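One letter stands for each residue in the lines below.
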Amino acid sequence: MVGYDPEAKCVSVAEAAAAGSASGFVTRVLVSPLDVIKIRFQLQIEQLSSRSPGAKYHGILQAVQRMFREEGLRAFWKGHVPAQLLSVGYGAVQFMAFESLTKLVHNVTSYNARDSFVHFVCGGLAACTATVAVQPVDTLRTRFAAQGEPKIYRNLRHAVVTMYQTEGPWTFYRGLTPTIIAIFPYAGLQFSSYNILQQFSEWVIPAEGEKGGNVKNLVCGSCAGIISKTLTYPFDLFKKRLQVGGFEHARAAFGQVRMYRGLLDCMRQILREEGLGGFFKGLSPSLLKAALSTGLIFFWYELFCSLLCTLKSTDSTTRKEG
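Residues numbered from 1 in each chain as written. Predicted model: local features only at pLDDT ≥ 70, side-chain atom pairs only at ≥ 80, totals over all residues. Heavy atoms only, no water.

- If you check an unreviewed UniProt entry, the chain appears there as Mitochondrial thiamine pyrophosphate carrier from Rynchops niger.
- Its UniProt record gives the chain a comment under Function (unreviewed entry), which states: "Mitochondrial transporter mediating uptake of thiamine diphosphate into mitochondria. It is not clear if the antiporter activity is affected by the membrane potential or by the proton electrochemical gradient."
- Under Subcellular location (unreviewed entry), UniProt gives the following word-for-word description of the chain: "Mitochondrion membrane". (UniProt positions renumbered as here; feature names shortened; annotations may be inferred.)

Right under this line is the structure:
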């Protein structure tokens, strides 16, 4: 169902966008706490260890307990409004672009639209398109998730106005370079790995019921998320560090802060002060989140597409009978 299938021809580009938005919305609600924890880990200069002086967070359980004690339950959904806008917009643009690109490849080239290489290239390009479209919202989401108490930004409107007036319009695109560098292989690996795993599962278990197919989609999506996130993780960390540039005063309660002049300077400072392990801070919650979010994204997308196909089929049958 993911990608253009000349034999099916069931879901239109607009319906793919709707299914992508819906899957993004549902998934974001479920994985938001892991995303907030991951961002907190990524932005911490000190080592993620109880033996590190001044380290606020040591591990996932300790971070959960401390955030809940200091900031309450709502802390795990900080920045949820911009994050939800990000998920809905990103899901719509990404799946719409992916379906369009795979269809274009099938119609104008000799490549098979179901080929894993095609899914890698089209998935990467679709993600780049979606990233440029929603990057300002991603920056807002990161700022909200990163700020402690008392809050610097009261709400979304206040954040937009304050950032624009004090830092200029380009602040909304902070971290875009590492994002684009990372998102192409990340999304490409997601789509191609999902495609390969789906083909492998069909070879291992040729016939499945609808329920089994839904579980298969979830498992294949989760595995694809782990593979892609592990291989491209450092660039996600660089992006988060750059996105909070100029926002250092709101990070005082969390420990040390750093200012970076750009992507290369960010990489150099992290390597010098934090070592190679600094490039993978927050990997544990990130992998957990990647497994859940990617699995759920593909699960819900396939499910919503199936529902749309069923509704269209039922409507067509009703019209014929009428």
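1. Side note on the overall build of the chain
And step 1. What the chain contains, in helices and strands, is nine helices and zero strands.
And step 2. Start at the N end of the chain and walk to the C end: the helices and strands fall as α-α-α-α-α-α-α-α-α.
And step 3. On C-alpha atoms alone, the chain measures out to a radius of gyration of 21 Å, which is about the 20 Å that the 2.2 N^0.38 rule sets for 322 residues.
And step 4. Seen along its three principal axes, the alpha-carbon backbone of the chain occupies a region of about 70 × 40 × 40 Å. (Helix = DSSP H or I, 4+ residues; strand = E, 2+ residues; numbered from the N terminus. Rg over C-alpha atoms; globule rule 2.2 N^0.38 Å.)

2. A few points about the UniProt feature "repeat: Solcar" (unreviewed entry) in the chain
And step 1. Residues annotated by UniProt as "repeat: Solcar" (unreviewed entry) correspond here to residues 11-104, 114-200 and 212-307.
And step 2. Secondary structure content for residues 11-104 is 72% helix and 0% strand, and the end C-alpha separation is 15 Å.

3. Details of the pattern of salt bridges
And step 1. If you walk through the whole model with that rule in mind, you get 18 salt bridges.
And step 2. Among the ionic pairs, R261 bridges to D265, the shortest N-O distance being 3.3 Å. (Salt bridge = Lys/Arg side-chain N within 4 Å of Asp/Glu carboxyl O.)

4. Regarding the nonpolar core
And step 1. With 17 residues, the main nonpolar core has V2, F95, F98, F191, Y194, F298 and Y301 as its most contacted residues.
And step 2. Listing elements by their share of this core, those giving two or more residues are α1 (13-43), α3 (80-108), α4 (116-146), α6 (176-204), α7 (210-243) and α9 (283-321).
And step 3. By size, the runner-up hydrophobic cluster in this structure holds 13 residues, among which are I37, M67, A75 and V244. (Core = buried A, V, L, I, M, F, W, Y, C linked by side-chain atoms within 4.5 Å. Buried < 20%, exposed > 50% of the residue type's maximum accessible area, 1.4 Å probe, protein only.)

5. Here's the deal with a nonpolar patch on the surface
And step 1. Together, F25, V29, L30, F68, L73 and W77 line one region of the surface with nonpolar side chains, adding up to about 590 Å² of accessible area.
And step 2. In terms of residue count, the dominant contributor to the nonpolar patch is α1 (three residues).
And step 3. The exposure class assigned to L73 is exposed, which follows from its relative accessible area of 53%. (Patch = residues over 30% accessible without salt bridge, like charges linked within 9 Å, V, L, I, M, F, W, Y side chains within 5 Å. Areas by Shrake-Rupley, 256 points an atom, 1.4 Å probe, with all protein chains shown as cover.)

6. As for the side chain of S23
And step 1. Relative to the helices and strands, S23 resides in helix α1.
And step 2. Of the residues examined, S23 reaches a relative accessible area of 0% and is grouped as buried.
And step 3. Excluding its chain neighbours within four sequence positions, the residues that come into contact with S23 are F95, I297, W300, Y301 and F304. (Contact = heavy atoms within 4.5 Å.)

7. So, helix α5 (residues 156-167)
And step 1. Between the first and last C-alpha of α5 there are 16 Å, a value that for twelve residues agrees with the 16 Å anticipated at 1.5 Å per step.
And step 2. Turning to α5, its buried residues are H158, A159 and M163. For α5, the angular spread of the buried residues around the axis is 120°, confining them to a single face. Across α5 from its buried face, at more than 90 degrees, point the exposed residues R157 and Q165.
And step 3. Packed against the buried residues of α5 are α4.
And step 4. At the N-terminal end of α5, a side-chain oxygen is found 3.3 Å from the backbone nitrogen of R157, two or three residues along, and the residue is N155. (Expected span 1.5 Å × (residues − 1). Arc of directions from axis to C-beta. Polar contact = N/O pair within 3.5 Å; in protein donor to acceptor, adjacent residues only side chain to side chain.)

8. Quick notes on the packing of α1 against α4
And step 1. Put simply, α1 and α4 touch, their axes get as near as 9 Å, and they point 70° apart. By the angle class used here, α1 and α4 are roughly perpendicular. Contacts from R28, D35, V36, I39, R40 and L43 in α1 reach R141, T142, A145 and A146 in α4.
And step 2. Counted by class, the contact of α1 with α4 contains five nonpolar, one polar and four charged residues. (Axes fitted to C-alpha atoms, helices over the stretch in contact; angles between N-to-C directions. Parallel < 35°, antiparallel > 145°, perpendicular 65-115°, else oblique. Nonpolar A, V, L, I, M, F, W, Y, C, P; charged D, E, K, R; others polar.)

9. As for the packing of α3 against α4
And step 1. Contact pair α3 / α4: the axes reach a minimum separation of 8 Å and the direction vectors enclose 165°. Accordingly, the angle class assigned to the pair α3 and α4 is roughly antiparallel. Crossing angle aside, the handedness with which α3 passes α4 is right-handed.
And step 2. Of the residues contributing to the contact of α3 with α4, the split by class is 21 nonpolar, seven polar and two charged. (Left-handed = near helix turned anticlockwise from the far one by under 90°.)

10. With respect to the state of the cysteines
And step 1. Summed over the entire model, instances satisfying the criterion amount to zero disulfides.
And step 2. Not engaged in a disulfide, the cysteine C128 finds its nearest cysteine sulfur in C122; these two sulfurs lie 12 Å apart.
And step 3. Taking relative accessible area as the criterion, C128 reaches 16% and is therefore assigned buried.
And step 4. You can see C266 has no disulfide; the closest cysteine sulfur is in C128, sitting 20 Å from it. (Disulfide = S-S within 2.5 Å.)

11. Some points on α6
Counting along an α-helix, one turn takes 3.6 residues, and residues three or four places apart therefore face a common direction.
And step 1. Between its terminal C-alpha atoms α6 stretches 41 Å, which fits the 42 Å expected from 29 residues at 1.5 Å a residue.
And step 2. At I183, α6 shows its largest bend, some 30°, and a proline, P185, comes one to four positions later. (Bend = angle between axes of the 7 residues up to and from the residue.)

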